[in-house]
Amino acid sequence: MGRTRVVLAALAALALALGAAGSAQAGVGLPGVVAQVPTSEKVVFITIDDGWNHDPEAARILLEKRVPVTLFLLPGAASYDTGYFTRLTEEGRASVENHTVSHPDLTTLDAVGKDAEVCGAGERIEEVFGRAPKLLRPPYGAVNDEVRLAAKACGVKALVTWTHDFTTWGETPPTPRLKAGDIVLLHFTPTLAADLERALGAARAAGLKPAALMPHLKAAGLA
Ligand SMILES: [Zn+2]
């Protein structure tokens, strides 16, 4: 079955290359790439990536404030302390989605490599969390139609990038004014608790509430 999937993905990639290049139809039928969700509701979407640092303070905030959050986890990062994340999904309002196995730029891989990274991660996340992920955050936000095609073959309904990165990478970034439908990017780093508080404060300042991503993607016809 795995092999059939790879062959189909390879054939479809070929068809895409032959038929869709330069066409206005390029990308039709492929899962969309979403950096911001069209919505009339006063909501923002908090997403947290990778999973290498398991800060108890960040978990406490998410659980106590009942923050709906989407976690794009690397299976390897989740595997050495699975309980940290299952607590967030079982006692909190977190859902776990796909961020590949080893965090490559998917646009640089062939069809077999894309399949191994995306389907492979999906299978491992499903084993641990009991639900097959339907969303993919492509590492570095790197996407093209072939990545979308590979994602589709792995059951992905939408590729989710972000509107604003609140992660402290060395320096704390300036806090933007959030708008309805914005997707906030955070990471499981040692500064997550502070970064999360900054994001929640920015949401409050803009009169917006964190909301679950998938139902809003569905409502917008994007998943
Ligand atoms: Zn990442």
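These notes cover the structure that comes with them. The model shown is predicted, which means the values in this text are computed figures rather than measured ones.

Thresholds, definitions, all that
- Residues numbered from 1 in each chain as written.
- Predicted model: local features only at pLDDT ≥ 70, side-chain atom pairs only at ≥ 80, totals over all residues.
- Heavy atoms only, no water.
- Core = buried A, V, L, I, M, F, W, Y, C linked by side-chain atoms within 4.5 Å.
- Buried < 20%, exposed > 50% of the residue type's maximum accessible area, 1.4 Å probe, protein only.
- Helix = DSSP H or I, 4+ residues; strand = E, 2+ residues; numbered from the N terminus.
- Contact = heavy atoms within 4.5 Å.
- Donors = N, O, S within 2.8 Å, 3.2 Å for Na, K, Ca; no water.
- Disulfide = S-S within 2.5 Å.

1. Quick word on the nonpolar core
Within soluble globular proteins, side chains that are nonpolar tend to cluster in buried spots.
Consideration 1: Membership of the largest hydrophobic core comes to 34 residues, with the highest contact counts inside it found for Ile 46, Leu 71, Leu 73, Phe 85, Leu 88 and Leu 178.
Consideration 2: When contributions to this core are tallied by element, the ones reaching two or more residues are strand S2 (43–50), helix H2 (56–64), strand S3 (69–73), helix H4 (82–90), strand S4 (94–98), helix H5 (111–129), strand S8 (183–187) and helix H7 (192–205).
Consideration 3: Of all the elements, H7 adds the most residues to this core, at seven residues.
Consideration 4: Here Phe 85 is in contact with Gly 51, His 54, Leu 71, Leu 73, Ala 77, Ala 78, Phe 129 and Phe 188, once residues within four sequence places are set aside.
Consideration 5: Ranked by size, the runner-up nonpolar core spans 13 residues in total, among them Val 34, Val 160, Ala 211 and Leu 217.

2. Focus: the coordination of the zinc ion
Consideration 1: Donor atoms from the polypeptide that coordinate the zinc ion comprise Asp 50 (OD), His 99 (NE2) and His 103 (NE2), at 2.1 Å from the metal.
Consideration 2: Spacing between the donor residues of the zinc ion along the chain follows D-x48-H-x3-H.
Consideration 3: The exposure class of His 99 is buried, given its relative accessible area of 2%.

3. Quick look at the state of the cysteines
Consideration 1: Taken as a whole and judged by the stated rule, the model has one disulfide.
Consideration 2: The disulfide partner of Cys 119 is Cys 154, and the gap between their sulfur atoms is 2.0 Å. In this structure the cystine formed by Cys 119 and Cys 154 twists about its S-S bond by roughly -95 degrees; its chirality is therefore left-handed. Note that Cys 119 is positioned in helix H5 and Cys 154 in the loop between helix H6 (145–153) and strand S6 (158–160), a separation of 35 residues in sequence. Like Cys 154, Cys 119 is buried.

4. Notes on unusual backbone geometry
Consideration 1: One non-glycine residue with positive phi stands out, namely Arg 66, at about 50 degrees.
Consideration 2: Mapping Arg 66 onto the fold places it in the loop between H2 and S3.
Consideration 3: With a relative accessible area of 42%, Arg 66 lands in the partly exposed category.
Consideration 4: You will see that His 103, though not glycine, has its phi angle at about 60 degrees, which is positive.
Consideration 5: Residue placement: His 103 occurs in the loop between S4 and H5.

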